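Notes for the structure review
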Amino acid sequence: MTDYRFRLGMYLPELRLPFDEALAKAKDIGAECVWFNNLPDEPPIAEMSDAEIDRMGERVARHGLEIFLIGASNPFKGLHLTDLDLDTMSTHPEFSEEFEKFKRSLQVAVRLGISAVNIFTFAWPGEYTAGKPTWPMRWRTRGGVIAEIDMAKLVKAFSMVAAEAEKHDIDVAFSMMPWNYTNTTGNFRRVAEAVGSKRIKVMWGPADNTNCGESDAETTGFDNVRPYLHGLHLKDLHVIDGLHLNFEYCPLGEGDVDYLTVLRNLRDHRCDAVLSVATHFQTPSGSAEEAMRINYANLKALIQKVETEAG
């Protein structure tokens, strides 16, 4: 009998509720820990005073929950890497603004005893301005080919990030959006190895990897991310026509991702990573809570199957 236990978390904004209501629902649904990057209808985390940050932490603890990851907004999520010049990027106004948010994330993490902060990894060329012109190339190449100059920019940016994180003794968990450079496990590993910092971690998103054409995310992909795992960002989808970015989100375990293999790998390698549930799909009622409860029920059923096998 194995004593490995899966840790259940939640990406809190998916509930689309005021902060305290969302915390209560997360606990009721079954979460042990949460992560988030904003509080609805409240000041941005980067602009909160230390007293407000302390109160935020107390509100989470009051519900018997733990924050396992935090972000002050979404640093670098919407910033196009090609808009930055390698030599001057550190003084670019938008880069500097995003970097300050990241540094505030670190301060919040230290203050609340959170082990890692969240960061994004810049947008592919034209991603938010011209109808995703590089998507077909990225699909055909299992996530995209990072140009040499762009890799140099990524290394420079995330070396700065890693150095700042080291000062605070905090890890940095990269997100895996299809629209950012660490969209696949292969690209994440290439960036992480090029930066070469022990502070670099990942919020692994197998569904996002699958959506980018990485068809072996659950196996080879797992090997790529295993040394860096902080948590998993769990959702599911069907890819209808990958070349034309035609896909649909669906309940966990009902899409293209082989989550049984994912869970078995986590168990067999005894990975200390939080299973953080998201949703993205819509129920007929439109209820975000209902979607989250469906995904939690589906995840627990998958876990039970894997645990029964181990027994």
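In the block above lies the structure referred to throughout.
A brief look at the structure comes next. Computed from a prediction, not measured in an experiment: that's the story for all the values here.

Summarising the element assignment, valine 239 is placed in strand 8 (residues 236-241). In sequence terms valine 239 and aspartate 256 are 17 residues apart; their C-alpha atoms lie 7.2 Å from each other. Setting aside its immediate chain neighbours within four residues, valine 239 contacts Trp139, Thr210, Asn211, Asn246, Phe247 and Asp256.

This structure, assessed with the given rule, holds 27 salt bridges. Residue arginine 138 pairs with glutamate 127 through a salt bridge whose shortest N-O separation is 2.6 Å. Residue arginine 138 is found in helix 4 (residues 135-140), and its partner glutamate 127 is found in the loop between strand 4 (116-119) and helix 4; the two are separated by 11 residues along the sequence. By the burial criterion, arginine 138 is buried, and glutamate 127 matches it. For lysine 153, the salt bridge identified is with aspartate 150, shortest N-O distance 3.9 Å. Taken as a pair, lysine 153 and aspartate 150 lie in helix 5 (residues 148-168) at a separation of 3 residues, close to a single helical turn.

Here the focus is the state of the cysteines. With the rule as written, the count across this model stands at 0 disulfides. Cysteine cysteine 33 is unpaired, with the sulfur of cysteine 271 as its nearest cysteine sulfur at 15 Å. You can see cysteine 212 has no disulfide; the closest cysteine sulfur is in cysteine 250, sitting 16 Å from it.

Turning next to the pairing of strand 3 (residues 66-70). Taken across its 5 residues, strand 3 has 4 buried, putting it largely inside the fold. As paired elements, strand 2 (residues 33-36) and strand 3 share 4 bridges and run parallel to each other. Its bridge partner being in strand 3, phenylalanine 36 is matched across the sheet by isoleucine 70. Considered for its hand, the β-α-β crossover made up of strand 2, helix 2 (residues 50-62) and strand 3 is right-handed.

This part takes up unusual backbone geometry. Not every positive phi belongs to a glycine, and arginine 142 is a case in point at roughly 55°. Among the secondary structure elements, arginine 142 is positioned in the loop between helix 4 and helix 5. Overall, arginine 142 belongs to the partly exposed group, its relative accessible area being 35%. One non-glycine residue with positive phi stands out, namely leucine 245, at about 55°.

Another aspect to go through is the packing of aromatic side chains. Tallied over the entire structure, the rule returns 17 aromatic pairs. Cluster of aromatic residues (ring-pair linked, three or more members): Phe76, Phe95, Phe99, Phe102, Phe122, Phe158, Phe174, Phe188 and Tyr228.

Running from amino to carboxyl end, helix 1 (residues 19-29) crosses helix 10 (residues 288-310) at an angle of 30°, the nearest separation of the two axes being 10 Å. Considering their axes alone, helix 1 and helix 10 lie roughly parallel with respect to each other. Relative to helix 10, the crossing made by helix 1 is right-handed. Of the residues in helix 10, those in contact with Lys25, Asp28 and Ile29 of helix 1 are Glu289, Met292, Arg293, Tyr296 and Lys300.

Attention now goes to the side chain of asparagine 37. With respect to the helices and strands, the residue asparagine 37 is situated in the loop between strand 2 and helix 2. Residue asparagine 37 is classed as buried on the basis of its relative accessible area of 5%. In this structure the side chain of asparagine 37 is engaged in a polar contact, spanning 2.9 Å, whose partner is the side chain of asparagine 38. Not counting residues up to four positions away in its chain, the partners in contact with asparagine 37 are Tyr11, Pro13, Ile45, Gly71, Ala72, Ser73 and Asn74.

Our next topic: helix 9 (residues 259-268). With respect to burial, helix 9 is a largely interior element, 8 of its 10 residues being buried. Of the residues trailing helix 9, arginine 270 is marked for its positive phi of about 50°.

Quick look at helix 10 now. The first and last C-alpha atoms of helix 10 sit 33 Å apart over 23 residues, in line with the 33 Å expected at 1.5 Å per residue. Every buried residue belonging to helix 10 is among Ala288, Ala291, Met292, Asn295, Tyr296, Asn298, Leu299, Leu302, Ile303 and Val306, and all of these are buried. Of the surrounding secondary structure, the elements contacted by the buried residues of helix 10 are strand 1 (7-11), helix 1, strand 7 (229-234), helix 9 and strand 10 (274-277). Between the side-chain oxygen of the N-cap and the backbone nitrogen of glutamate 289 there are 3.4 Å, and the N-cap of helix 10 in question is serine 287.

About the cut-offs
Residues numbered from 1 in each chain as written. Predicted model: local features only at pLDDT ≥ 70, side-chain atom pairs only at ≥ 80, totals over all residues. Heavy atoms only, no water. Helix = DSSP H or I, 4+ residues; strand = E, 2+ residues; numbered from the N terminus. Contact = heavy atoms within 4.5 Å. Salt bridge = Lys/Arg side-chain N within 4 Å of Asp/Glu carboxyl O. Buried < 20%, exposed > 50% of the residue type's maximum accessible area, 1.4 Å probe, protein only. Disulfide = S-S within 2.5 Å. Pairing = 2+ DSSP bridges. Right-handed = clockwise from strand over helix to strand, strands pointing away. Phe/Tyr/Trp six-rings, centres within 6.5 Å; stacked < 30°, edge-to-face > 60°. Axes fitted to C-alpha atoms, helices over the stretch in contact; angles between N-to-C directions. Parallel < 35°, antiparallel > 145°, perpendicular 65-115°, else oblique. Left-handed = near helix turned anticlockwise from the far one by under 90°. Polar contact = N/O pair within 3.5 Å; in protein donor to acceptor, adjacent residues only side chain to side chain. Expected span 1.5 Å × (residues − 1).

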